[in-house]
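# Structure at a glance
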Amino acid sequence: GNSVTQMEGPVTLSEEAFLTINCTYTATGYPSLFWYVQYPGEGLQLLLKATKADDKGSNKGFEATYRKETTSFHLEKGSVQVSDSAVYFCALSDRSGGYNKLIFGAGTRLAVHP
Amino acid sequence: DGGITQSPKYLFRKEGQNVTLSCEQNLNHDAMYWYRQDPGQGLRLIYYSQIVNDFQKGDIAEGYSVSREKKESFPLTVTSAQKNPTAFYLCASSILTGGKETQYFGPGTRLLVL
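Residues numbered from 1 in each chain as written. Chains lettered and ligands numbered in written order. Predicted model: local features only at pLDDT ≥ 70, side-chain atom pairs only at ≥ 80, totals over all residues. Heavy atoms only, no water.

## A look at the state of the cysteines
All names here are of chain B. The full count for this structure, using the stated rule, is two disulfides over all chains. Residue C23 pairs covalently with C91 via a disulfide, S to S 1.9 Å. Handedness here is read from the sign of the S-S torsion; for C23 and C91, about -70°, the answer is left-handed. You can see C23 sitting in strand β3 (residues 19–25) and its partner C91 sitting in strand β9 (residues 87–97), a full 68 residues away along the chain. Using a relative accessible area of 0% as the deciding quantity, one classes C91 as buried. (Disulfide = S-S within 2.5 Å. Helix = DSSP H or I, 4+ residues; strand = E, 2+ residues; numbered from the N terminus. Buried < 20%, exposed > 50% of the residue type's maximum accessible area, 1.4 Å probe, protein only.)

## Some words on the packing of aromatic side chains
All names here are of chain B. For the structure on display, the rule yields 13 aromatic pairs over all chains. Here Y47 and F55 contribute two aromatic rings whose centre-to-centre distance is 6.1 Å and whose plane-to-plane angle is 75°, an arrangement assigned as edge-to-face. Overall, the relative accessible area of 8% leaves Y47 in the buried class. Overall, F55 belongs to the partly exposed group, its relative accessible area being 35%. Its end group placed over the ring of F74, R68 keeps NZ or CZ at 6.0 Å from the ring centre. The ring of F88 carries the charged tip of R110 above its face, separated from the ring centre by 4.5 Å. (Phe/Tyr/Trp six-rings, centres within 6.5 Å; stacked < 30°, edge-to-face > 60°. Lys NZ or Arg CZ within 6 Å of the ring centre and 35° of its normal.)

## Regarding unusual backbone geometry
The peptide bond linking G9(A) to P10(A) adopts the cis configuration, its omega dihedral lying at 0°. Topologically, P10(A) is positioned in the loop between β1 (3–6) and β2 (11–14). The peptide bond linking S7(B) to P8(B) adopts the cis configuration, its omega dihedral lying at -5°. Unlike most non-glycine residues, K60(A) shows phi in positive territory, near 55°. With respect to the helices and strands, K60(A) occurs in the loop between β7 (56–59) and β8 (62–65). Taking relative accessible area as the criterion, K60(A) reaches 56% and is therefore assigned exposed.

Here is the structure:
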């Protein structure tokens, strides 16, 4: 079945460092890919998405490119801030059951220090 | 302001008690979803509804029930049959754009067992 694998956290960085959070997926067909962010005690917020191969999603300085050849959707940011500390979830859309659902990775916790 | 609201923020359940979590959206989205999040894990789908008066079981529906009498509302009942209800519950709704679906999440309800 379809699945998403994220790099394990926590990821600890100093402010202004470069961020990469790896995400790879297994899927049949051409799913949409998403990154969601969850701040402590809150729900998930959509960070960015890509709906087809070679699409680049971007938002708030974060970017991710849909790479079908490597089945990856790695999240990057050139200069992180303390306020970026959160848990990041990679997800793909799955219609194999005849309905839309999201398949999530386990999440990667990011801690940014001043 | 358009969005998804969930209430209460925290909910306590006694042994053998049924409790109901509220989810309301004013985004005019057709589809709504309930997910469960356990510590350190991604989200798992409990139930979903694509239109009013219709809903389907997700991956972990046992011990839960839902209704969809209005487009805006999708309440989730955690029954006494759910033996391990302690979790963070997230409601989502979705919009279809260009044939691709995007889900948006509410702020969540944390359920604790007394």
